[in-house]
Amino acid sequence: MAARRFTRRHFLKSVAAGVAAGPFVWTPARAQGFNWKRFSGKELFLLLTKHPFIDVLEKNIPEFESLSGMKVKWETLPEIQARQKMTVEMTANSGGIDAFFTSLHVEKKRFWKAGWYHPLNKFLADPTLTSPDFDWNDFTPGARAGVTQPDGSVSALAAFVDANVVFYRKDLFGPKGLTPPKTLADLEPLVKKLHAPPGTYGIVLRGLKNANATQYPSILFPMGGTYLKDGKAALDSKEQVAALEMYTRLLRQYGPPGVVNFNWYECSAAFMQGQVAIYMDGVNFASQFEDAAKSKVIGKVGYAVLPSGPGGHFSPIYITGMAVNAQSRNHEAAYLFAQWATNKTNMVRELMAGVGVGRASTWDSPDVKAKPKMPADWYQAYQASLKIGRQGLPEIVGVTEYRDIIGVAIQKGIEGAPAAQVLAQAQKDFQDLLNRTES
Amino acid sequence: MLLVAVIIVYPIAYTGWMSLQEWFASSLTRPRFIGLANYGKILLGDARFREAVARTIWFTVVAVAAETLLGVAMALLFNREFWGRGLLRTLAILPMVATPTAIALVFVMMYHPTLGVANYLVSVVGLSPFRWTYSSQTALYALALVDVWQWTPLIMLITLAGLASLPREPYEAAHLDGASPRQAFWHITLPLLRPALVVAILFRAIDALKTFDIIFVMTQGGPANATETINLLLFNQAFSYFNMGYASSMAVALFALVMGASLILIKVRRSTTW
């Protein structure tokens, strides 16, 4: 019980600190003599997730060990297992994990409400803890918003930022004189023109429930739809109906057979086998399209920002970050690791490996420009998407449950049920979920 | 006795206790005692759970019926002497040895509607392609097929053992009385095999009711909720929604279902008529 009270009080304090600190500005005078070795000799334990970002990071952890003089141990688990382990460890209040990789688009509100994130505002404002070249304001506004809670506390340092973009087959577009869709109104006629089964299907998007919930906003946001209106569920608005109608009709009429149960794996496979003309999904999947061992469409893929619509121009973004465990006994030492993991040098390394990050300075890095791993339009589409980035999922406690609710509605829609009807049910379930978990 | 208490009784009792609480594993609020409210919700309020129960039972019936028919047929075949029997019998048992998760991943690729080998095989026989796990109409059957592929050999093995222990005399007597092989099968083999068969079906039914890995890997309960069995639903409630109390009450309900099915089958075994 004591630990819980401590955590809550800690929150209030750090909120106050965050407000007081205001914008984080570093002057050269403060920059001198940043001491990485403050916690030399300590040992850190990290809980990491199987993820391209972590694959790149893990290789460089020894560099952090020699920089800081700390010993780092870590465990890397698949995302779902990591979340389960986290829940068990935290519920048991073991304090064994110092820092962890967190999928904010799923965990942000839940872990925050549970008091598992150690707020970082005070650390970010403290020149003895934050190296002057870290530069918090270098993170894109979307990335900063993604790690910041409603009360202003910063729960993690943004690491990987995914954005939804359009992948299209240049070799199919070119001969017909087609260009990627500028607006939602362009999308369907375009897909229709490219649809030539069984050789080529017009479009593929995720159909599998839960997984599809991250792709649905690519249509929903430009259509003008939102998840919540004044804190209440808004799944039955006319924009929602129009968006679900469009998403499911595209897949029903122009998608490959069986698309209703396609996760990104099947979508990407169909696209890489050359069976699909247009594919909209997370920008990070692109690196395999350009991998000769996996892809038949290497060099033929164009990258573009998502189409706009009557509701505006958005790209749903999903953020993961490095967080400090509130139960850890080494908050400050763990923060040093999180800071190092998301510093400019490491972020450039990630981008060079084709892993997208939300740090503005990385785009102009001479290293990235000299040795681009991906085609130029990939970098352009990604950068443009970050500028119009909006958190892709509702920021609520029950994200997973929401994803199942809308996911089932989408699958029923793909199999032919009317959009208004499936959304009426989803609205009811979603409001019920909000009543149970958000109060 | 103490060991039994610690590793069997305690978890069951704890689950039972948990099922009477409302508790979200990630929240700051402590578990709250709500009596039988979770069970009330299961029985009356939650359509998703009711559908999951019906689906679980249907999946079990379809899979186990097919496994029994095929398993007995294979056992009768392998009970005869023929060249290469030992080798074939060993090959037939192989599916049982494989890890369900690995098998599920292989079947995911085989079932792919445009790239998979399953539709190629179907087209070779001259049928039009199926959607397999990629349609809510066929997904549950496609999953049952995986279960059948993997577990038919178990029924075959147990039946084979049963066949090997059958006495010769009744057959000789029947032969003298002029019974055809078919009559001998229906009136002698099957009744004598019944104890072994019931055990085999019991094993399989308990296992099929609890099937989790192949469904989790292959469909995660989809499309829509077309393959969401009790186990899938309770996994979601517990580890995706962190709704521990409610999930516990589902676990207890599943436990009751498995127990009930087992008791019925054991009773069938004891009774003298089919």
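Residues numbered from 1 in each chain as written. Chains lettered and ligands numbered in written order. Predicted model: local features only at pLDDT ≥ 70, side-chain atom pairs only at ≥ 80, totals over all residues. Heavy atoms only, no water.

## Quick word on the overall build of chain A
Looking only at helices and strands, chain A has 19 helices and 11 strands in total. Relative to its length of 439 residues, chain A is compact, with a C-alpha radius of gyration of 22 Å against a globular reference of 22 Å. Across its three principal directions, the C-alpha atoms of chain A cover 65 × 55 × 35 Å. Classification of the 439 residues of chain A by burial places 60% in the buried group. A sequence separation of at least 24 residues applies to 78% of the contacts in chain A between residues at least 6 apart. Total accessible area computed for chain A in this model is approximately 16,400 Å², and 56% of it derives from carbon and sulfur atoms. With 50 positive and 39 negative side-chain charges, chain A shows a separation of 2 Å between the mean positions of the two kinds. (Helix = DSSP H or I, 4+ residues; strand = E, 2+ residues; numbered from the N terminus. Rg over C-alpha atoms; globule rule 2.2 N^0.38 Å. Buried < 20%, exposed > 50% of the residue type's maximum accessible area, 1.4 Å probe, protein only. Contact = heavy atoms within 4.5 Å. Areas by Shrake-Rupley, 256 points an atom, 1.4 Å probe, with all protein chains shown as cover. Lys, Arg positive; Asp, Glu negative; His and termini not counted. Charge placed at Lys NZ, Arg CZ, Asp CG, Glu CD.)

## Comments concerning the interface of chain B and chain A
A common way to express how large an interface is: the accessible area buried when the components associate. Counting residues at the interface gives 32 residues for chain B and 31 residues for chain A. Around 2,900 Å² of area is buried between chain B and chain A when both sides are counted, 57% of it from carbon and sulfur atoms. Summed over the shared surface of chain B and chain A, the result is 1 salt bridge. For Lys 209 of chain A, the salt bridge is made with Glu 228 of chain B, and the minimal N-O distance between the two is 3.7 Å. One can count 7 residue pairs in polar contact (both at pLDDT 80 or more) joining chain B with chain A. Sorting the residues of the side of chain B that touches chain A by element identifies α5 (100-111) and α11 (230-240) of chain B as the ones contributing at least two each. For the side of chain B that touches chain A, the element with the most residues is α11 of chain B, which contributes 4 residues. Its residues assigned to classes, the side of chain B that touches chain A comprises 14 nonpolar, 14 polar and 4 charged. (Buried area = accessible area lost by both parts, 1.4 Å probe. Salt bridge = Lys/Arg side-chain N within 4 Å of Asp/Glu carboxyl O. Polar contact = N/O pair within 3.5 Å; in protein donor to acceptor, adjacent residues only side chain to side chain. Nonpolar A, V, L, I, M, F, W, Y, C, P; charged D, E, K, R; others polar.)

## Overview of the nonpolar core
All names here are of chain A. Among the nonpolar cores identified, the biggest contains 163 residues, and Phe 53, Ile 219, Ile 278, Phe 289 and Phe 337 are the most heavily contacted of them. In terms of residues, this core owes the most to one element, strand β4 (residues 157-169), which gives 10 residues. If you count residues domain by domain, this core takes at least three from each of domain 1 (2-161 + 317-391) and domain 2 (163-316 + 393-437). (Core = buried A, V, L, I, M, F, W, Y, C linked by side-chain atoms within 4.5 Å. Domains from an automatic or database assignment.)

## Structural notes on the domain arrangement of chain A
All names here are of chain A. According to the domain assignment, chain A contains domain 1 (2-161 + 317-391) and domain 2 (163-316 + 393-437). Taken over C-alpha atoms, the centre of domain 1 sits 29 Å from the centre of domain 2. Counting residues at the interface gives 23 residues for domain 1 and 32 residues for domain 2. Surface buried jointly by domain 1 and domain 2 totals about 2,500 Å² across both partners, of which 60% is contributed by carbon and sulfur atoms. On the domain 1 side of the interface with domain 2, the three residues burying the most area are Tyr 318, Ile 388 and Arg 390, jointly 27% of the side's total. Run the count over domain 1 and domain 2 and you get 1 salt bridge. With its nearest N and O atoms 2.9 Å apart, the salt bridge here joins Glu 395 to Lys 108. The interface formed by domain 1 and domain 2 contains 10 residue pairs in polar contact (both at pLDDT 80 or more).

## A few points about the pattern of salt bridges
Summed over all chains, the structure comprises 28 salt bridges over all chains. When the shortest N-O distance is used, the salt bridge between Arg 38 of chain A and Glu 332 of chain A registers 3.8 Å. Of this pair, Arg 38 of chain A sits in the loop between α2 (28-31) and β1 (43-49) while Glu 332 of chain A sits in helix α14 (residues 331-341), and the two are 294 residues apart along the sequence. Here Asp 207 of chain B makes a salt bridge to Arg 204 of chain B, at a shortest N to O gap of 3.4 Å. Separated by 3 residues within a single helix, Asp 207 of chain B and Arg 204 of chain B lie in helix α9 (residues 181-209), roughly one turn from each other. The class for Arg 204 of chain B is buried, based on a relative accessible area of 1%. Among the charged side chains, a salt-bridge network with shared partners connects Glu 67, Asp 147, Arg 204 and Asp 207 of chain B.

## Some remarks on the side chain of Ser 153 of chain A
Residue and element names in this part refer to chain A. Along the chain, Ser 153 falls in the loop between α7 (141-147) and β4. Among the residues examined, Ser 153 registers a relative accessible area of 1% and is labelled buried. In contact with Ser 153, other than residues within four places in its own chain, are Trp 112, Pro 119, Asn 121, Val 147 and Thr 148.

## Some details on the environment of Val 106 of chain A
Residues and elements named next belong to chain A. Secondary-structure assignment places Val 106 in helix α5 (residues 104-114). Under the relative-accessibility criterion, Val 106 is labelled buried at 8%. Among residues more than four places away in sequence, those in contact with Val 106 are Glu 79, Arg 83, Val 399, Thr 400 and Arg 403.

## Let's talk about a nonpolar patch on the surface
All names here are of chain B. A cluster of nonpolar side chains, namely Leu 2, Leu 3, Val 4, Val 6, Ile 7, Ile 8, Val 9, Ile 12, Phe 255 and Met 259, defines an oily patch on the protein surface of about 970 Å² accessible area. In terms of residue count, the dominant contributor to the nonpolar patch is helix α1 (residues 2-18) (8 residues). Along the polypeptide, Leu 2 turns up in helix α1. Among the residues examined, Leu 2 registers a relative accessible area of 68% and is labelled exposed. (Patch = residues over 30% accessible without salt bridge, like charges linked within 9 Å, V, L, I, M, F, W, Y side chains within 5 Å.)

## Points about the packing of aromatic side chains
Within this structure, the stated rule accounts for 43 aromatic pairs over all chains. Ring plane angle 85 degrees and centroid distance 5.6 Å describe the contact between Phe 262 of chain A and Tyr 134 of chain B, whose orientation is recorded as edge-to-face. Residue Phe 262 of chain A is found in the loop between α11 (238-254) and α12 (264-272), and its partner Tyr 134 of chain B is found in the loop between α6 (117-124) and α7 (139-164); the two belong to separate chains. Considered together, Phe 262 of chain A and Tyr 134 of chain B belong to a single accessibility category, that of buried residues. Linked through ring pairs, Phe 167, Phe 271, Tyr 279, Phe 289 and Tyr 303 of chain A together constitute an aromatic cluster. Over the face of the ring belonging to Phe 221 of chain A we find Arg 390 of chain A, whose NZ or CZ atom lies 4.5 Å from the ring centre. The ring of Phe 314 of chain A has Arg 390 of chain A sitting right over it, with the charged end atom 4.0 Å from the ring centre. (Phe/Tyr/Trp six-rings, centres within 6.5 Å; stacked < 30°, edge-to-face > 60°. Lys NZ or Arg CZ within 6 Å of the ring centre and 35° of its normal.)

## Examining unusual backbone geometry
For the bond running from Pro 197 of chain A to Pro 198 of chain A, omega is 0 degrees, close enough to zero to count as cis. Relative to the helices and strands, Pro 198 of chain A is located in the loop between α9 (184-194) and β5 (201-204). Unlike most non-glycine residues, Gln 220 of chain B shows phi in positive territory, near 50 degrees. The exposure class of Gln 220 of chain B is partly exposed, given its relative accessible area of 34%. Even without being a glycine, Phe 242 of chain B presents a positive backbone phi close to 60 degrees. Looking at the element boundaries, Phe 242 of chain B is found in the loop between α11 and α12 (244-270). Accessibility expressed as a relative area gives 3% for Phe 242 of chain B, which makes it buried.

## Some points on α14 of chain A
Burial within α14 of chain A is extensive, with 10 of its 11 residues counted as buried. For α14 of chain A, every residue scored as buried is listed here: His 331, Ala 333, Ala 334, Tyr 335, Leu 336, Phe 337, Ala 338, Gln 339, Trp 340 and Ala 341 of chain A.

## So, the packing of helix α3 (residues 47-78) of chain B against α7 of chain B
Residues and elements named next belong to chain B. The N-to-C vectors of α3 and α7 enclose an angle of 40 degrees; their axes lie 6 Å apart at closest approach. By the angle class used here, α3 and α7 are oblique. Pair α3 / α7 crosses with right-handed handedness. Considering only residue class, the contact of α3 with α7 consists of 21 nonpolar, 4 polar and 3 charged. (Axes fitted to C-alpha atoms, helices over the stretch in contact; angles between N-to-C directions. Parallel < 35°, antiparallel > 145°, perpendicular 65-115°, else oblique. Left-handed = near helix turned anticlockwise from the far one by under 90°.)

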